Amino acid sequence: MNKPDAALLLFGVLILIFQQGISLQVQTPRIAIIGGGIGGAAASHFLTELFNENLNIDLYEGKTIGGRLATIKIDRDEFEAGGSIIHPKNMYMQRFVKLLGLEKNEGLGQEKTAIWDGTDFIFVDGDWISLIKLIYRYGFQVFKLMSHINSLIEDFLKIYDLQDAGQSFANVTALLSAMNKDFPQLLQISTKEYFSRMGFSENLIDELVEAATVVNYGQDVDIQSFVGSIALAANGELWSVKGGNKKVPEHLIYRNKNVNVAPSRVTNIRSLSKSDDSSHYEVTYINKDSTDSMTSTYDIVIIAAPLTEDQEFQIEFNEFPDDFAFPGNYQTTYATFVKANLNPKYFGLKTTFDAVLSCNPNKTKISSVGKLHLVDGSIEIDPPVWKVFSRNSMETSLIHDIFSQVIEKKEIAWKAYPRYSTKVNLDNFKLHDALYHVNAIEWAASAMEMSAVAGRNVAILAYNDFLTKSHNFILDKTREIHEDSKQVHEHIEF
């Protein structure tokens, strides 16, 4: 080969290397998030932080942004209809409210409350005589119970430092173990057996603990003890977001310029061949205003919605190496909103309470009844609005027994949380190569903060996996270029 030909060939190789070098940059990921509740909103927020806004997100929501965080209008006033209370140590909800410039409604959970078994009142809040009666009935176990729950809360708080340090977990068991190595064991033992082994009396478990599990999860003390403990932690200086808790996911999503909201339901996710290095998944969806299916492809897919067979919107998975199974069902809880006066005679009372909790819902027919604050924080309306939780739809005759002067009634049937047992088959957060499931966390416990924790965990998982794949891709391409240039060099020498 003469020198001009060799120089021309070498110049061509340099051009090839230069072109390849440009393509070696980490590509902007295309991400699909399925579900616009707090879990999907948190995932979108934390992904945007991790990728430093160098990403494109399509967020699919078949109903309303906010998911199970929703409000309802009763006689022109607005009230929380879904998740309504937030614990003072829920750090992500605290951070979101501050970041988004939202305001708090504080002082929730301080209403005058009674615990009812259908015949007698086990506990009546409001004065020091009630406290004496409580100690007389349960001894000092009440304080032991409070101390134990506070200890569990302190262990839970460890997750924030772990996630701030960039740690993530492929499954729920590993995440719980990082907080406390004994937490996963709580999923395998019932709430009743757990507290019984700790020496708590049967009366305390069947009354105080049962009231907490019934009002928060609509279920008895046979549920697994991690979620039973979460139910007991729902007390203290509780708060909500002014304007409605739904404001948090709404603002996290709509204020994020990297998120495109697709008002559509996803019907299918297909794993694509890895013959190229572009998209990994094809998502099929149907827009709210259409019956035609459309598809888009993504590098990362995050499912932030329940996947059990009892859900309204089902997603099919095609061409994956393994079949996915999502066992279990969700508990249906009926929330009935009544604008009326409470009838104290129904409960055998002379005066009304702000809230009555049931510790025997099979007998009382209701799980709880409580006076509501408006989402703007005020409570002084006449007559007030009450929210009744029950396991079945309430008959009109029962409503008129419990209330007088009924002005308006509305009912919402929520698939609010999993039906818990000690036979938990935990799903993984990571289902496949770049396919993730936020709602796996709900089988440990369902709560706003749990969803936010899971959303961040999945965001960190997806981010680290994407960087690892991009790094490996660059290494492979660099080796290819090196081999090509080596062969050309040898050819030129020849």
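What you are looking at is a predicted structure, and each value in this text was computed from that prediction instead of being measured.

Draft legend 1. Spotlight on the overall build of the chain. Broken down by element type, the chain carries 15 helices and 21 strands. When the 494 residues of the chain are sorted by exposure, 51% land in the buried category. Accessible area for the chain stands at about 23500 Å²; split by element, carbon and sulfur atoms hold 50% of it.

Draft legend 2. Region of interest: the nonpolar core. Among the nonpolar cores identified, the biggest contains 130 residues, and F96, I269 and V301 are the most heavily contacted of them. At eleven residues, the largest contribution of residues to this core is made by helix 15 (residues 448–493). Those residues in contact with F96 that lie beyond four places of it in its chain are I38, A42, H45, F46, V248, L252 and A452. Membership of the second largest hydrophobic core comes to 18 residues, among which are V338, L342, V356 and V388.

Draft legend 3. Broad picture of empty space enclosed by the protein. Following the criterion strictly, the structure yields two cavities of 30 Å³ or more and no others. In this structure, the largest cavity spans a volume of roughly 40 Å³. For the largest cavity, the full set of lining residues is V214, V215, G218, T333, S367, F389, S390, R391 and Y417. Of all the elements in the fold, those that place two or more residues in the lining of the largest cavity are helix 10 (202–217) and strand 18 (385–390). Here the lining of the largest cavity is built from residues that sort into four nonpolar, four polar and one charged. Empty space within the second largest cavity amounts to approximately 30 Å³. Residue composition of the lining of the second largest cavity, by class: four nonpolar, two polar and one charged.

Draft legend 4. Looking closely at the confidence of the model for the chain. Of all residues in the chain, 88% attain a pLDDT of 70 or more, and the chain-wide mean is 89. Contacts from residues 13–18, a stretch scored under 50 in pLDDT, to residues over four places away or in other chains number four contacts. Below a pLDDT of 50 lies the segment residues 20–24, which in the model reaches seven contacts outside its immediate sequence neighbourhood of four places, other chains included.

Draft legend 5. Highlighting the side chain of K387. Position of K387 among the secondary structure elements: in strand 18. Of the side chains with opposite charge, E80 lies nearest to the buried K387, which makes no salt bridge, at 7.0 Å. Ignoring any residue separated from it by four or fewer positions in sequence, one finds K387 in contact with E80, A81, G82, S84, A335, T336, F337, S368, V369, G370 and L372.

Draft legend 6. Geometry of the sheet that holds strand 19 (residues 403–418). The seven strands lie next to each other as 7-6-16-17-18-15-19, forming an open sheet whose pairing is mixed. Unpaired on one side and paired on the other, strand 7 (121–124) and strand 19 mark the two borders of the sheet. Direction aside, neighbouring strands of the sheet carry axes that sit 20° apart on average. The pairing of strand 6 (residues 113–116) with strand 7 spans three bridges and is antiparallel. The partner of I115 across the bridge, within strand 7, is F123.

Draft legend 7. Summary view of the side chain of E442. With respect to the helices, strands and loops of the structure, E442 is situated in the loop between strand 21 (435–437) and helix 15. Residue E442 is classed as buried on the basis of its relative accessible area of 1%. Separated by 2.8 Å, the side chains of E442 and R68 make a polar contact. Side-chain polar atoms of E442 contact the side chain of N439, separated by 2.9 Å. Those residues in contact with E442, other than ones at most four positions away along the chain, are R68, P306, Y330, A416, P418 and Y420.

Draft legend 8. Quick peek at the environment of G107. Tracing the backbone shows G107 in strand 5 (residues 104–108). Accessibility expressed as a relative area gives 25% for G107, which makes it partly exposed. Considered as a pair, G107 and G377 are 270 residues apart in the sequence and their alpha carbons are 9.6 Å apart.

Draft legend 9. Inspection of the sheet that holds strand 2 (residues 56–60) at higher detail. Taking strand neighbours across the sheet as the criterion, the six strands line up as 9-2-1-13-21-20 in an open arrangement whose pairing is mixed. The open sheet is flanked by strand 9 (259–262) and strand 20 (430–432), the only strands paired with a single partner. The average undirected angle you get between the axes of adjacent strands in this sheet is 20°. One ladder, built from five bridges, connects strand 1 (residues 30–34) with strand 2; its direction is parallel. Its bridge partner being in strand 2, A32 is matched across the sheet by D58.

Draft legend 10. Structural context of the pairing of strand 10 (residues 264–271). Among the eight residues in strand 10, six count as buried, and that is most of the element. As paired strands, strand 10 and strand 11 (residues 281–287) are joined by seven bridges and run antiparallel to one another. Looking across to strand 11, one finds that V266 is bridged to Y285. Where strand 10 meets strand 14 (residues 316–318), three bridges bridge the pair, whose relative direction is parallel. Note on strand 14: the bridge partner recorded for R270 is N318.

Draft legend 11. Broad picture of helix 5 (residues 141–156). Helix length check: helix 5 (16 residues) gives 23 Å between terminal C-alpha atoms against 22 Å at 1.5 Å per residue, within 8%. Every buried residue belonging to helix 5 is among Q141, V142, L145, H148, I149, L152, I153, D155 and F156, and all of these are buried. What you see down the axis of helix 5 is that its buried residues fit within an arc of 160°, all on one side.

Conventions and cut-offs
- Residues numbered from 1 in each chain as written.
- Predicted model: local features only at pLDDT ≥ 70, side-chain atom pairs only at ≥ 80, totals over all residues.
- Heavy atoms only, no water.
- Helix = DSSP H or I, 4+ residues; strand = E, 2+ residues; numbered from the N terminus.
- Buried < 20%, exposed > 50% of the residue type's maximum accessible area, 1.4 Å probe, protein only.
- Areas by Shrake-Rupley, 256 points an atom, 1.4 Å probe, with all protein chains shown as cover.
- Core = buried A, V, L, I, M, F, W, Y, C linked by side-chain atoms within 4.5 Å.
- Contact = heavy atoms within 4.5 Å.
- 1 Å grid on protein atoms, 1.4 Å probe; cavity = no way out; pocket = protein on both sides within 12 Å on 5 of 7 lines; lining within 4 Å.
- Points joined across faces, edges and corners; volume = space filled by probe spheres on them.
- Nonpolar A, V, L, I, M, F, W, Y, C, P; charged D, E, K, R; others polar.
- pLDDT = per-residue confidence, 0-100.
- Lys, Arg positive; Asp, Glu negative; His and termini not counted.
- Salt bridge = Lys/Arg side-chain N within 4 Å of Asp/Glu carboxyl O.
- Pairing = 2+ DSSP bridges.
- Axes fitted to C-alpha atoms, helices over the stretch in contact; angles between N-to-C directions.
- Polar contact = N/O pair within 3.5 Å; in protein donor to acceptor, adjacent residues only side chain to side chain.
- Expected span 1.5 Å × (residues − 1).
- Arc of directions from axis to C-beta.

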